[in-house]
Every structure is written in structure tokens, then in C-alpha cells.
Amino acid sequence: MLSSPEPSLPARPDPWTALRAHTPARIALGRAGGSLPTAARLDFLLAHARARDAVQASFDAEALAGALAAAGIAHAVAASGAADRATYLARPDLGRRLAPASRRDLEARAAAWGGRDLAVIVSDGLSAPAAQRHAVPTLAPLLARLTAAGWSVTPVLVVPFARVKLQDELGALLRSRLSLILLGERPGLGVPDSLGAYLTHGPGPDRTDADRNCVSNIRPEGLPPAAAAERLAGLLLAAARLGRSGTSLKEDAALAGDAELSPPAP
Amino acid sequence: MARWSLAVGARRHSFHDLRELLAKATPARAGDELAGLAATSAEERVAAQACLADVPLALFLREPLIPPEQDEVSRLILAQHDPAAFRPVAGLTVGQFREWLLRYETDDAALAALAPGLTPEMVAAATKLMANQDLILIARKRRVVTRFRSTVGLPGRLSFRLQPNHPTDDPAGITASLVDGLLYGCGDAVLGINPATDHVGAVHDLLGLLDRVITRYGIPTQSCVLAHVTTQLAALRRGAPLDLMFQSIAGTEAANRSFGVDLALLAEARAATLALGRGGPQVMYFETGQGSALSADAHHGVDQQTCEARAYAVARAFDPFLVNSVVGFIGPEYLRDGREIIRAGLEDHCCGKLLGLPMGVDVCHTNHAAADQNDMDTLLTLLGVAGCNYFMGVPGADDVMLGYQSTSFHDAQYLRQVLGLRPAPEFEAWLERMGLARDGRLLPVAPNHALLP
């Protein structure tokens with residue numbers, strides 16, 4: 001009846017380890033008294049060590065630019081106000097804006113590009129491996145779908161050390177109707193490479209997080225890049241159609257093409 | 001012209017207004033430095049604390065930190081203030097108020113009677129002068145008890161939110177974590193899911209899942225899906241069985257706007273939830289955290305701890321069932337390391353209790369902060385001693401959806417053991433009825449237990 005097969009062992013396994021098949025969560029760890037068995041503790045320590053290492057991993061913007069080129073996606077590299085990782089972690093304000101030289105450079109290019117439907121940014125954010133691995137597999141189908149729908153898109157800007165709000169300055173500078181940023185999310189234990197995507201209609205300095213829609217956990221084991229592209233396309237098309245984004249744009253309405261389900265903006 | 005100044009040796013430290021004085025008197029933390037508000041030397045900080053100690057408490061009523069005409073939270077704070085309740089401390093300075101709180105005679109009843117007379121700014125100011133042990137001693141005096149199906153916050157009791165998040169909201173995955181947590185004696189505060197997407201249909205389905213588990217096993221607890229309040233309202237209007245209405249809130253109107261809420265929307269959400277009549281009298285669940293106002297560029301030059309205390313004024317306007325600071329979630333740009341997270345957690349808990357809130361704390365950290373699980377153990381233990389109402393129960397302390405580390409089901413067993421605390425009484429009786437615990441200890445679970453598939 002009881003689950004402890006060997007009474008001589010001080011830790012007791014949990015008799016529901018089969019449930020682990022349904023979730024990556026740390027369930028059925030067993031217990032010594034009420035506390036963690038040694039193996040489970042060591043496993044946690046290793047995962048934490050790996051996540052700390054992922055935060056510190058360096059971002060190869062040139063390699064990402066090469067992968068975009070190989071996928072036939074026009075692109076350019078720019079810099080945020082944060083020059084290195086330590087500054088990036090301590091000063092989110094610097095990650096929310098362009099470095100002055102990049103701003104001047106993009107102002108010059110923006111005139112040539114002209115106003116377009118969408119501006120796209122890719123950054124390492126808090127996980128370089130996330131951007132490195134999943135940005136191109138997400139963008140390739142997304143941009144193909146939008147282009148087929150007649151959208152014009154600016155070259156994808158690769159910007160190391162960016163925060164979400166950089167999409168407002170860049171979107172406004174490039175005079176795009178919408179802006180989209182893909183960047184590495186905070187690494188979780190055992191999830192060092194999760195990509196997040198944020199979109200804003202009418203990007204500008206007054207926009208806040210309430211004006212954005214987010215698609216998170218983009219990685220093969222979470223929301224696979226192709227599925228993320230599908231969701232983002234639905235949200236972007238709905239945001240363009242309704243002329244708004246954020247809390248007043250519910251994903252159900254976006255996917256159903258039914259604006260009536262959205263409550264009025266708070 | 002400086003309103004306050006203090007000579008220390010050859011140097012004179014000057015402070016021009018209450019906002020500057022409060023900010024510079026705040027124990028060091030990254031967010032105030034990021035905002036350019038922090039004291040520039042350790043000596044200047046102590047000089048500010050010395051000046052703050054002499055400020056009359058009543059000055060905070062005459063000089064709002066953020067003008068009421070610009071901010072509905074400031075208007076709310078002034079409207080909430082009860083002069084009769086304030087009378088016992090009305091003539092005290094901030095430093096004397098700290099001492100009044102520490103007196104033997106200041107007990108739970110005195111603090112409960114005083115709460116409507118206190119403003120967040122008074123409470124924040126006093127805590128800036130407190131040692132960590134003061135924050136613990138004063139908070140421990142105060143019990144704030146709330147009810148839905150379970151009773152949370154009673155003396156000798158310690159509750160846990162069961163947080164069964166899953167990266168894609170998979171029902172089988174969420175159920176697996178729910179079962180794990182229940183078998184470990186957690187879930188008496190709430191079964192609360194952070195959904196992976198803010199999706200009305202998904203929120204509707206998750207609320208249905210939680211309701212079926214609660215009903216099927218007769219669990220004396222309540223459900224919550226922590227989506228945006230407008231999403232929950234939409235789900236509620238589609239008939240979702242919603243117990244607790246959740247929202248993240250902050251201490252300024254502009255910061256709340258960045259969350260897509262205002263006081264009127266929160267009132268509408270509470271009224272809609274109460275109208276369901278599923279339990280109560282408390283039906284609201286709020287989360288807060290130092291740094292949210294600065295993060296939204298909505299802090300008006302006010303330090304992050306004071307902004308956080310102002311969020312508690314918002315919370316108490318809606319008679320919440322649960323309130324918790326998510327203390328280490330925001331990241332190292334606001335709370336640099338384990339030491340700053342520990343200090344902030346103790347401050348938030350103490351301020352919330354003084355303002356009459358049923359405070360819990362999400363003792364947590366992210367992987368980009370210089371903190372680890374040993375820091376979490378320390379804060380968890382200190383807050384347990386301080387009489388915190390509840391903590392989070394996350395499988396193995398690892399939230400696989402939100403990507404941060406909180407506290408675990410095993411941590412619940414640890415803290416209840418070392419401090420001799422029991423779950424909420426209704427939930428404890430259920431655990432015993434289900435053969436899961438007796439006398440505060442977990443029992444072996446049979447492979448054919450009713451909760452297992």
C-alpha cells in the first residue's frame with residue numbers, strides 16, 4: 001500500500017512520477033521528511049547554474065545577420081544606448097533607446113526606405129541563445145505571410161542589448177504603422193532560450209505596455225516558431241484592421257476576425 | 001532653498017522637498033539609483049534619515065507627494081484618510097511613530113484601529129527608519145484575516161497559493177502540477193494560474209478546469225486565473241466560474257494606466273465578481289512590486305518603496321482577499337541582489353500589514369539577478385516569523401511558464417515545520433479527511449489515492 005519500497009532509504013519517492021509526462025514542471029520530486037531529496041536539489045542547482053550562464057552568454061549579431069541574409073530577409077544592424085551586458089542589466093533606460101550614432105544613421109536610411117506597414121527588430125534581450133536560434137524560424141514564415149497580404153516591411157534591424165520599448169522609438173523614426181520586436185526572455189531553469197515577441201500599433205514615445213500585445217515562450221518545446229508566426233500574423237492583421245493594439249485587442253477577436261468581442265479600451 | 005538640512009562634521013546635507021527627503025532616506029537599492037533619486041553617499045542617506053525622523057506625520061496630509069489634481073491615487077489616499085483613527089499618532093514625528101509602533105502596548109487591536117488613519121507615505125517613511133528586525137516585529141503584531149471558501153491569515157496558520165503554471169496552458173500539464181501541490185498540502189490560499197496568453201477563451205477554460213477540481217474533491221479553496229482584468233471580465237460574462245478577480249496594480253495613476261487599469265475599472269471588476277455570489281466577502285486578488293512605477297516611467301520622482309506603499313492604498317479600496325508583492329520578479333535594475341530583495345520583501349510586508357492588507361509575498365528571483373535559493377530561504381524564514389499570510393507554492397520552486405524561481409511545495413513543509421504553523425483550518429481538515437496529512441506532517445500517499453489518475 002505504501003510507496004516506500006525500501007524502508008532503509010531516508011528519502012521517499014512520490015508514486016505519481018507518471019504525471020511528469022504532462023509537464024516540464026518539477027513535480028513528483030519525492031521528499032526526505034518534507035524536504036527535497038539530494039538528487040532533486042543537485043538537479044536544481046545545475047539548472048540555475050546553466051540559466052545564469054545563459055544570461056551572460058554573448059550575442060553574435062553578425063551571425064544572426066548572416067542567417068537573415070541566408071533566409072533572403074533584408075536587414076541592418078544598429079546599436080542601443082547600452083554598450084555592454086553589465087550596463088544593459090543595470091540600465092533598462094539605455095536599452096529602450098538607440099545609440100545616437102545609430103539614430104543618425106537610421107534617420108538617413110528612413111528617408112530612402114519611406115514609411116512602411118511594419119518595422120521589425122531582433123535583439124538578444126536577456127537570452128542571446130533565444131534570438132540566435134528562434135528569430136529567423138519565426139520571421140521567415142511571418143514575413144512571407146505579411147508580404148503575401150500586401151504588407152511592406154522595413155529591413156529587419158538587429159539591435160543588441162535592446163528593451164521592448166525600443167520598438168516605439170524605432171517605429172516612429174521609420175514612420176511605420178506597426179512595430180514588432182523579438183527578443184530573448186529571462187531564462188528560466190531548464191529554459192535558457194525562450195523568445196518573446198511584442199507588437200504595437202502606432203508606435204511612439206507615449207505608448208506603454210498596455211498598448212502592446214505579446215506572444216511569449218517561442219521555442220520548439222514551447223510555442224514552436226511556425227505557430228508563433230501564425231499567431232503574430234493574426235494579431236498584426238487584426239491590429240492593422242482595427243487600428244489598435246494592446247489590452248483592447250483580444251486575441252480571440254484577432255483570430256476570429258470579430259471586433260465585437262473586444263471590450264472598449266479602458 | 002533647502003527645507004531640511006543637517007551638518008555632519010564639516011559637511012552640510014540639504015534636502016529640498018519631501019520626495020527628495022524620502023528617496024534619499026531609503027536604504028540603498030538599484031531602482032532609486034536608476035531613477036537618479038538615491039542618496040549619493042552613505043552619510044547623505046543617514047543625514048536624510050535623521051531629518052526624516054523629525055518630520056511631523058501630519059505633514060504628509062498637508063503636502064501630497066504627487067499632486068491630487070494629477071493623480072487619482074493621490075485623491076484616493078486623501079479620501080481614505082480617517083482623522084479620528086489617526087488621532088493616537090497625530091502629534092508624532094516619523095521617528096516617534098516608529099517608536100510608537102514598537103511599544104509593547106501597540107498590539108493587533110491598536111494597529112487595526114489605526115490603519116484607516118495612516119497614509120502610505122507615513123508608513124513608507126517610518127519603515128525607512130526601521131531595522132529589518134523592526135519590520136519583522138511590527139508586522140508580526142498584525143493579523144489580517146480574510147475569507148472566501150478558506151480563511152487566510154489566522155494566528156498559527158500559514159497558507160500557500162498553488163501556482164500550477166504551464167508554458168502552453170496545457171490542461172493535463174496544469175492538472176499534473178495541481179495534483180502534485182495538493183498532495184504536498186498546498187493550495188489553501190488559492191489555486192492560481194498565470195495563463196501563458198491573455199486569451200478570453202483560454203481563461204474561460206482554465207477557470208472551468210479549476211472549478212471542476214475544486215468541486216470534484218470538495219476542496220475548501222478558491223480559483224483564480226491571473227489574466228488582465230478585462231480578459232477575466234470577458235470570461236466572466238461568458239459564464240466562466242470565476243472565484244477571485246485578479247489584477248496587477250501600482251501606486252500612481254499613470255503606472256496603473258500602463259497596466260491598462262484605473263480605479264473605475266477595478267470597481268467594475270469587483271462589483272461583477274461580487275454579483276456572482278460564489279464566496280467571500282473578499283473577492284479580489286492583487287499583485288504589486290517595487291519598481292513598477294519607475295518601469296512605466298510613471299513615478300513622479302517618488303522613490304520605489306513609497307510608490308509601492310501607494311499601491312496598497314489602491315488595494316485596500318477594494319477589500320482584497322489576497323495581496324502580494326512579487327518582490328524579486330522585476331529584476332536587478334530595481335533590486336540588485338539577494339540583500340536588496342530581502343530588505344524590500346520585509347518592507348512591503350510590513351507596510352501592507354500596517355495599511356490593513358492581508359499580505360502575502362512572492363519570495364522570488366530571476367536568473368539575471370545576483371540572488372539564489374539560499375537568499376529565498378532566508379527571506380521566506382524571516383517573513384514566516386513576521387507572520388506573512390501566504391507564499392507561493394511552485395513545483396520545485398521553478399516556474400516553467402514565467403521563467404523565475406519562487407518558493408516550493410517543499411518550502412511549505414519546511415516553514416510549517418520550523419515555525420509550528422498549520423494550513424488554513426478548512427484546508428487542514430480536508431487534508432486530514434483525504435488522508436494526506438496528520439499533526440502537521442505529510443502522510444505516505446497510496447498509488448491508488450483518489451487524487452491520482
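Criteria and thresholds
Chains are numbered independently. Their residues run from 1 in the order of the written sequence. Chain letters start at A and ligand numbers start at 1, both assigned in the order the entries are written. Totals for whole chains, interfaces and linings use every residue, but because this is a predicted model, local features are given only for residues with pLDDT of at least 70 and side-chain atom pairs only at 80 or more, for both listing and counting. Computation of side-chain values covers all heavy atoms of the structure but excludes hydrogens and water. Secondary structure elements follow DSSP: runs of H or I no shorter than four residues count as helices, runs of E no shorter than two count as strands, and numbering proceeds from the N terminus. Any residue under 20% of the maximum accessible area for its type is buried, any over 50% is exposed, and the rest in between are partly exposed; the area is computed with a 1.4 Å probe on protein chains only. Here, residues are in contact when the closest pair of their heavy atoms is within 4.5 Å. Here the open area of atoms and residues is found with the Shrake-Rupley method and a 1.4 Å probe, where only the protein chains shown may cover a residue. We define a salt bridge as a side-chain nitrogen of Lys or Arg found within 4 Å of a carboxyl oxygen belonging to Asp or Glu. Basically, the charged four are Asp, Glu, Lys and Arg, the nonpolar ten are Ala, Val, Leu, Ile, Met, Phe, Trp, Tyr, Cys and Pro, and anything else, Gly included, counts as polar. The axes used here are C-alpha line fits, helices contributing only the stretch in contact, and every angle between their N-to-C directions lies in the interval 0 to 180 degrees. In this scheme, roughly parallel covers angles under 35 degrees and roughly antiparallel covers those over 145, while 65 to 115 is roughly perpendicular and the rest are oblique. Crossing chirality is assigned from the near helix's rotation relative to the far helix, an anticlockwise turn below a right angle marking it left-handed and a clockwise turn marking it right-handed. We define a nonpolar core as any set of buried Ala, Val, Leu, Ile, Met, Phe, Trp, Tyr and Cys residues linked to one another through side-chain atoms lying within 4.5 Å. When two rings of Phe, Tyr or Trp (its six-membered ring) have centres within 6.5 Å they constitute a pair, described as stacked for plane angles under 30 degrees, edge-to-face for angles over 60, and tilted for the intermediate range. The rule for a charge over a ring is simple: NZ of Lys or CZ of Arg within 6 Å of the ring centre, and within 35 degrees of the ring normal. Domain borders in the structure are assigned automatically or taken from a domain database. Accessible area that two parts lose when put together, evaluated with a 1.4 Å probe and summed over both, is termed the buried area.

1. Overview of the overall build of chain A
Thinking step 1. Counting secondary structure elements, chain A contains 9 helices and 6 strands.
Thinking step 2. Along the first, second and third principal axes, the C-alpha atoms of chain A reach 75 × 45 × 35 Å.
Thinking step 3. A burial count over chain A gives 55% of its 266 residues as buried.
Thinking step 4. Expressed as a percentage of contacts within chain A between residues at least 6 apart in sequence, the contacts between residues at least 24 apart total 64%.
Thinking step 5. Accessible surface, chain A: about 10900 Å² in total, of which carbon and sulfur atoms supply 56%.

2. Remarks on the interface of chain B and chain A
Thinking step 1. On the chain A side, the residues contacting the 62 residues of chain B number 54 residues.
Thinking step 2. Linking chain B with chain A are 2 salt bridges.
Thinking step 3. Of all the elements in the fold, those that place two or more residues in the side of chain B that touches chain A are α11 (171–183), α12 (200–217), α13 (229–237), α14 (253–258) and α20 (409–419) of chain B.
Thinking step 4. Ranked by the residues each element gives to the side of chain B that touches chain A, the list is headed by α11(B), at 7 residues.
Thinking step 5. Classifying every residue of the side of chain B that touches chain A by side-chain character gives 29 nonpolar, 25 polar and 8 charged.

3. Some remarks on the packing of helix α9 (residues 120–128) of chain B against helix α17 (residues 304–316) of chain B
All names here are of chain B.
Thinking step 1. Contact pair α9 / α17: the axes reach a minimum separation of 8 Å and the direction vectors enclose 140 degrees. Taken together, α9 and α17 sit at an angle that is classed as oblique. As for the relative orientation of α9 and α17, their crossing is right-handed in sense. Taken together, the residues of α17 that come into contact with α9 (itself represented by Pro120, Glu121, Ala124, Thr127 and Lys128) are Gln305, Thr306, Ala309, Arg310 and Ala313.
Thinking step 2. Partitioning the contact of α9 with α17 into residue classes produces 4 nonpolar, 3 polar and 3 charged.

4. Here we look at the nonpolar core
Thinking step 1. Judged by nonpolar contacts, the single largest core of 153 residues is most densely connected at B:Leu52, B:Tyr285, B:Phe391 and B:Trp430.
Thinking step 2. For this core, the element with the highest residue contribution is α12(B), accounting for 9 residues.
Thinking step 3. Sequence-distant contacts of B:Phe391, that is, excluding residues within four places in its chain, are made with B:Leu158, B:Ser159, B:Phe160, B:Arg161, B:Val361, B:Val363, B:Leu380, B:Leu383, B:Gly384, B:Thr407 and B:Leu415.
Thinking step 4. Listed in part, the 40 residues of the second largest apolar core include A:Ala128, A:Ala131, A:Leu143 and A:Leu146.

5. Some remarks on the packing of aromatic side chains
Thinking step 1. Tallied over the full model, the rule gives 8 aromatic pairs over all chains.
Thinking step 2. Considering the side-chain rings of B:Phe329 and B:Tyr404, the 4.9 Å spacing of their centres and the 85 degrees angle between planes classify their relative orientation as edge-to-face. With a gap of 75 residues between them, B:Phe329 in the loop between β10 (322–326) and α18 (338–354) and B:Tyr404 in strand β14 (residues 404–405) connect regions that are remote in the sequence.
Thinking step 3. Since its relative accessible area comes to 27%, B:Phe329 is described here as partly exposed.
Thinking step 4. Look at B:Tyr404 and you get buried, because its relative accessible area is 2%.
Thinking step 5. Here the basic side chain of A:Arg163 rests over the ring of A:Tyr88, its NZ or CZ set 4.4 Å away from the ring centre.
Thinking step 6. Geometry around B:Phe329 places A:Arg186 over its ring, the cationic atom sitting 4.6 Å from the centre.

6. Brief notes about the domain arrangement of chain B
Residues and elements named next belong to chain B.
Thinking step 1. Per the domain assignment, the segments making up chain B are domain 1 (1–54) and domain 2 (146–442).
Thinking step 2. Of note, the centres of domain 1 and domain 2, computed from C-alpha atoms alone, are 34 Å apart.
Thinking step 3. Across the contact, 14 residues belong to domain 1 and 19 residues belong to domain 2.
Thinking step 4. Here domain 1 and domain 2 share an interface that buries about 1200 Å² over both sides, 55% of which is from carbon and sulfur atoms.
Thinking step 5. Three residues, Arg19, Arg29 and Ala30, lead the burial of domain 1 against domain 2; their summed loss comes to 41% of the area buried on that side.
Thinking step 6. Counting across the domain 1 and domain 2 interface gives 2 salt bridges.
Thinking step 7. For the salt bridge of Glu33 with Arg336, the shortest nitrogen-to-oxygen distance reads 2.5 Å.

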